[in-house]
Amino acid sequence: MTSSTISPLVTPDTRVILVPRRPRTRVWELDFLRGVSVLLMILDHLVMLLVTVFGPAWFGSSLSADAPGAGFVRWCEWFLNYSTARKVLHPLVVFVFFSVSGISCTFSRSNFKRGGILAALAIVYSLVTHVLAETLAMPYIIVNFGVLHFYAVAILTYAVIDALTKRSEALRTAVCAAVALTVGLLYFLYQPPADAPTWLGIIFPPRDIHGVQNDFIAGWEISPGDLFTVIPNLASFMFGATVAPLLYASRRSLLPVLDGKWNFPVNFVGKHSLWFFILHIPVLAVILALVSVLFMTPGDWVLF
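Residues numbered from 1 in each chain as written. Predicted model: local features only at pLDDT ≥ 70, side-chain atom pairs only at ≥ 80, totals over all residues. Heavy atoms only, no water.

The name an unreviewed UniProt entry gives the protein is DUF1624 domain-containing protein, with Candidatus Limadaptatus stercoripullorum as the organism.

What follows covers the overall build of the protein. The helix and strand inventory of the protein stands at 10 helices and zero strands. Starting at the N terminus and ending at the C terminus, the protein contains elements arranged as α-α-α-α-α-α-α-α-α-α. Taken over C-alpha atoms, the radius of gyration comes to 25 Å for the protein, far larger than the 19 Å a tight globule of 304 residues would show. Based on the C-alpha atoms only, the size of the protein along its principal axes is roughly 105 × 50 × 35 Å. Buried positions account for 41% of the 304 residues belonging to the protein. A separation of at least 24 residues holds for 70% of the contacts in the protein among residues at least 6 apart in sequence. Carbon and sulfur atoms make up 69% of the accessible area of the protein, which amounts to about 18,100 Å² in all. (Helix = DSSP H or I, 4+ residues; strand = E, 2+ residues; numbered from the N terminus. Rg over C-alpha atoms; globule rule 2.2 N^0.38 Å. Buried < 20%, exposed > 50% of the residue type's maximum accessible area, 1.4 Å probe, protein only. Contact = heavy atoms within 4.5 Å. Areas by Shrake-Rupley, 256 points an atom, 1.4 Å probe, with all protein chains shown as cover.)

A cluster of nonpolar side chains, namely Val 36, Leu 40, Leu 43, Leu 89, Leu 92, Phe 95 and Phe 239, defines an oily patch on the protein surface of about 560 Å² accessible area. Those elements that provide at least two residues to the nonpolar patch are α1 (28-59) and α3 (84-105). On the secondary structure map, Phe 95 appears in helix α3. The class of Phe 95 is partly exposed, set by a relative accessible area of 34%. (Patch = residues over 30% accessible without salt bridge, like charges linked within 9 Å, V, L, I, M, F, W, Y side chains within 5 Å. Salt bridge = Lys/Arg side-chain N within 4 Å of Asp/Glu carboxyl O.)

The full count for this structure, using the stated rule, is five salt bridges. A salt bridge links Arg 86 to Asp 44; the nearest nitrogen and oxygen atoms lie 2.9 Å apart. One end of the pair, Arg 86, is in helix α3; the other, Asp 44, is in helix α1, with 42 residues separating them in the sequence. Take Arg 86: its relative accessible area is 15%, and that puts it in the buried class.

A separate point is the side chain of Arg 34. You can see Arg 34 is positioned in helix α1. Looking at Arg 34, the relative accessible area reads 7%, which means it is buried. When neighbours within four sequence positions are excluded, Arg 34 is seen to be in contact with Arg 26, Phe 97, Val 100, Ser 104, Gly 270 and Ser 273.

Quick look at the UniProt feature "transmembrane region" (unreviewed entry) in the protein now. UniProt annotation of "transmembrane region" (unreviewed entry) refers to residues 32-59, 88-108, 115-133, 139-161, 173-190, 230-249 and 274-296 when read in the numbering used here. Along residues 88-108 the backbone is 86% helical and 0% strand, and the end-to-end C-alpha distance reaches 31 Å. Span residues 230-249 is 90% helix and 0% strand, its end C-alpha atoms 27 Å apart. (UniProt positions renumbered as here; feature names shortened; annotations may be inferred.)

Let us look at α3. Across its 22 residues, α3 extends 32 Å between first and last C-alpha, which sits within 8% of the 32 Å expected from 1.5 Å per residue. Those residues of α3 that sit buried are Arg 86, Val 93, Val 94, Phe 97, Phe 98, Ser 99, Val 100, Ser 101, Gly 102, Ile 103, Ser 104 and Cys 105. Against the buried residues of α3 lie α1, α2 (70-81), α4 (111-136), α5 (147-164), α8 (230-247) and α10 (273-296). The N-cap residue of α3 is Ser 83: its side-chain oxygen and the backbone nitrogen of Ala 85 are 3.2 Å apart. (Expected span 1.5 Å × (residues − 1). Polar contact = N/O pair within 3.5 Å; in protein donor to acceptor, adjacent residues only side chain to side chain.)

Another point: the nonpolar core. One broad trend across soluble globular proteins is that nonpolar side chains are buried collectively. With 62 residues, the main nonpolar core has Phe 54, Leu 148, Leu 234, Phe 237 and Met 238 as its most contacted residues. Looking at this core, the elements with two or more residues in it are α1, α2, α3, α4, α5, α6 (169-189), α8 and α10. Considering each element in turn, this core owes the most residues, 11 residues, to α1. What Phe 54 contacts, discounting residues up to four positions off in sequence, is Leu 49, Ala 285, Leu 288, Ala 289, Ser 292, Trp 301, Val 302 and Leu 303. Residues Leu 30, Val 100, Ile 103 and Ala 244 belong to the second largest nonpolar core, which totals seven residues. (Core = buried A, V, L, I, M, F, W, Y, C linked by side-chain atoms within 4.5 Å.)

Encoded structure:
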């Protein structure tokens, strides 16, 4: 029998169906919520710069001048220190941002890499603030444990949990929920004693849920420029990691019909939030310094 007479094994009913791979899509509402949080953070830091650095240079330490713009800076001071809206909005925005970050971590397969890169960037960021603080005689800008540092710790913590529970999504979710609950209980029910080691200042917040200052260290002593302690922020992050399998089991948007070009500017900020975190304060400071040297205090940059 020759090869030409061999009957083919493929029958007329056999079909080969090629299904194109479904394109990866971002969950737009997570980018949007992250972008809104970052934009509000930028506005908050703009207010801080005006009240603590540039406002006193422009209008005097009491901000009592009658010059154009002084009234706005006084309003910024009131908003920063006394506004009920900020007292409510600030922790809410922080909670939303870190919860969204926890959700996003469940989508990633490279959390150890992401966390390591963030940790390295956080260390460099701290070194830069120390150099600038020495150069500009502004010790209050030093950041030893800010948002980047906490974010790196949170991602690496999740990465460890993910590695230890790789074969069970249910177990991973349960561990994240347990961590969130434990951190929350510590925030509400415990404060370290006065003789606690100072390094716990990156774990426990300088004030408890009632606003009472703790006895072992003040926030400005450990990271005056920016401080995001592990408690209670890790509870927000792990809350996001806990609800992610419930809300985004398919890793697709819950609101696809609302997606569109209208959200592009905010989503752009959300997608590139790391760069906005790193660059927004230097950019704001340079812009305000230019306003100073050109208009408010001609010839004086304030910062230099």
